[in-house]
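Listed below are the residues making up each chain.
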Amino acid sequence: MKRIILVGSVACGKTTLCQRLNGLEQIYKKTQALEVINHTIDTPGEYLEHRSLLQALVVTSVETEQVLFVQDAAQERFMFSPGQAAAFSVPVAGVVSKADAATSDQIRTAGALLALAGASPVFVVSARAGQGMEALARFLEDGALPVKKEAENG
Ligand SMILES: Nc1nc2c(ncn2[C@@H]2O[C@H](COP(=O)(O)OP(=O)(O)OP(=O)(O)O)[C@@H](O)[C@H]2O)c(=O)[nH]1
Ligand SMILES: [Mg+2]
């Protein structure tokens, strides 16, 4: 698996995603600091939400091969700026998380906002239910692109 860094708001599901990608038990634990788990760097949501900490994400991402912007599908608060992916020197993909708890409209909107932030491709997953995780894992293994479904277009 590529070395990745997870970036997203508080409670958007980064740690749960990280546990699922690494085959670990899903246990809730608030992320307090940058944390390395196998090939994954998990980050506290505060690093995205507090602008003064943003630069630390950009600097840390240099150690990785892939950034994942994670957006909770059911969360209306969107903390990524348009074009924010350009601040990173490694490729940025998007993950719409918690798809099990969102409507298809919410999923579509979250995906469109991630694309606006410059993330590509964008995956739709539920780390809890397992939906979409295979496609994301494949992309992180060998760069395979997601197959677009009707509800995710646009
Ligand atoms: N329904 C649903 N809930 C989820 C999913 N993934 C995570 N959650 C829940 O969302 C909450 C926050 O998940 P975390 O993975 O800790 O979020 P985080 O992004 O790591 O949060 P910080 O460490 O605070 O930045 C927990 O209660 C999780 O159980 C999912 O796929 N579906
Ligand atoms: Mg966390």
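Residues numbered from 1 in each chain as written. Chains lettered and ligands numbered in written order. Predicted model: local features only at pLDDT ≥ 70, side-chain atom pairs only at ≥ 80, totals over all residues.

Asker: Kindly report on the site of ligand 1, identifying the contributing residues and their values.
Answerer: Around ligand 1 there are 20 residues in total, and G13, T15, T16, T31 and G45 lie nearest to it. Among the elements that make up the shell around ligand 1, the one with the highest residue count is helix α1 (residues 14-21) (three residues). (Near = placed C-beta within 6 Å. Helix = DSSP H or I, 4+ residues; strand = E, 2+ residues; numbered from the N terminus.)

Asker: How would you explain the nonpolar core if you had to name every residue and give the values?
Answerer: It is characteristic of soluble globular proteins that their nonpolar side chains tend to be buried jointly. L6, L68, F69 and V96 are the most contacted members of the largest nonpolar core, which has 37 residues in total. When contributions to this core are tallied by element, the ones reaching two or more residues are β1 (4-8), α1, α2 (46-49), β4 (66-72), β5 (92-97), α4 (104-116), β6 (122-124) and α5 (133-142). Other than its neighbours up to four places away in sequence, F69 contacts V7, G8, F80, V92, G94, L114, A117 and A119. (Core = buried A, V, L, I, M, F, W, Y, C linked by C-beta atoms within 7 Å. Buried ≥ 20, exposed ≤ 12 C-beta atoms within 10 Å, placed from the backbone. Contact = placed C-beta atoms within 7 Å.)

Asker: A description of the pairing of β4 should follow, citing residues and the corresponding values.
Answerer: Of all seven residues in β4, six are buried; the element is thus mostly enclosed. Examined bridge by bridge, β1 and β4 share five bridges and lie parallel to one another. When the bridges of β4 are listed, I4 appears paired with Q66. Here six bridges tie β4 to β5, and the two strands are oriented parallel to one another. In the strand pairing of β5, V67 is matched with V92. (Pairing = 2+ DSSP bridges.)

Asker: Quick rundown of the environment of L48? Include the residues and the values.
Answerer: Here L48 lies in helix α2. We classify L48 as buried; it has 22 C-beta atoms within 10 Å. Along the sequence, L48 and F80 sit 32 residues apart, while their C-alpha atoms lie 7.8 Å from each other. Dropping the residues within four chain positions of it, L48 is found in contact with V7, G8, S9, L54, L57 and M79.

All quantities given are derived from atomic positions and should not be read as evidence of function.
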